[in-house]
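Structure assessment
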Amino acid sequence: MDHTNHVRLATSELTPAVLEGATIYGADDHKVGKLDHIHGGSTAVIDVGGFLGIGAKPVGVPLTDLEFMRDEDGDVHAVTTWTKDQLKAMPEHRH
């Protein structure tokens, strides 16, 4: 997916209501997971792996590691430099 023409979100849009559920694309432009929730205002908890939401592992990365944008249909997603393998290797995020 070419993200160059996608509109970056304004700071005012970076709220849980807008971001939660967003698809996350990794360094290789493959889908690496979905944003489950924002923890403490600065950590993005991403569900990585699994199938249809079953068996996914939640991992925490700094919110600043994600660039949020809207595609042509208005759907929010994010791009990160992390790969799926790097995210899977992280410790599980616990609340």
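Analysis parameters
- Residues numbered from 1 in each chain as written.
- Predicted model: local features only at pLDDT ≥ 70, side-chain atom pairs only at ≥ 80, totals over all residues.
- Heavy atoms only, no water.
- Helix = DSSP H or I, 4+ residues; strand = E, 2+ residues; numbered from the N terminus.
- Contact = heavy atoms within 4.5 Å.
- Patch = residues over 30% accessible without salt bridge, like charges linked within 9 Å, V, L, I, M, F, W, Y side chains within 5 Å.
- Areas by Shrake-Rupley, 256 points an atom, 1.4 Å probe, with all protein chains shown as cover.
- Salt bridge = Lys/Arg side-chain N within 4 Å of Asp/Glu carboxyl O.
- Lys, Arg positive; Asp, Glu negative; His and termini not counted.
- Charge placed at Lys NZ, Arg CZ, Asp CG, Glu CD.
- Buried < 20%, exposed > 50% of the residue type's maximum accessible area, 1.4 Å probe, protein only.
- Pairing = 2+ DSSP bridges.
- Core = buried A, V, L, I, M, F, W, Y, C linked by side-chain atoms within 4.5 Å.

**Here we look at the environment of Ala27**
In this structure, Ala27 sits in the loop between strand 2 (23-25) and strand 3 (31-39). When residues no more than four places from it in sequence are discounted, the contact partners of Ala27 are Thr80, Thr81, Trp82 and Thr83.

**Considering a negative patch on the surface**
On the surface, Asp2, Glu72, Asp73 and Asp75 cluster together into a negatively charged patch. By the element assignment, Asp73 lies in the loop between strand 6 (66-70) and strand 7 (76-80).

**Describing the pairing of strand 7**
In terms of residue burial, strand 7 counts as a mostly covered element, since four of its five residues are buried. When strand 2 meets strand 7, the two strands line up parallel, connected through three bridges. Paired with Ile24 across the strands is Ala78, a residue of strand 7. Connecting strand 6 to the antiparallel partner strand 7 that follows it, the hairpin turn spans five residues, and Gly74 within it adopts a positive phi of roughly 90 degrees.

**Digging into the pattern of salt bridges**
The full count for this structure, using the stated rule, is three salt bridges. Residue Arg70 is joined to Glu13 by a salt bridge in which the shortest nitrogen-to-oxygen separation is 2.8 Å. Of this pair, Arg70 sits in strand 6 while Glu13 sits in the loop between strand 1 (7-8) and helix 1 (16-19), placing them 57 residues apart in sequence. In this structure, Glu92 engages Arg94 in a salt bridge whose closest nitrogen and oxygen atoms are separated by 4.0 Å. The class of Arg94 is exposed, set by a relative accessible area of 64%.

**Considering the nonpolar core**
Core analysis: the largest hydrophobic core is formed by 19 residues, its most contacted members being Leu35, Ile46, Leu66 and Phe68. Broken down by secondary-structure element, the contributors of at least two residues to this core are strand 3, strand 4 (43-48), strand 5 (57-62), strand 6 and strand 7.

**Section: a positive patch on the surface**
A cluster of basic residues, Lys31, Lys34, Lys84 and Lys88, forms a positive patch at the surface. Along the chain, Lys88 turns up in helix 2 (residues 84-89). Since its relative accessible area comes to 43%, Lys88 is described here as partly exposed.

**Let's talk about the sheet that holds strand 1**
Strand order in the open sheet formed by seven strands is 1-6-7-2-3-4-5, and the pairing between neighbours is mixed. Strand pairing shows two members of the sheet lacking a second neighbour, strand 1 and strand 5, which therefore form its edges. Where strand 6 lies against strand 7, five bridges are found, and the strand directions are antiparallel. Directly across from Leu66, in strand 7, lies its bridge partner Thr80.

**Comments concerning the pairing of strand 6**
Across two bridges, the pairing between strand 1 and strand 6 is antiparallel. Looking at the pairing, Val7 lines up with Arg70 of strand 6.

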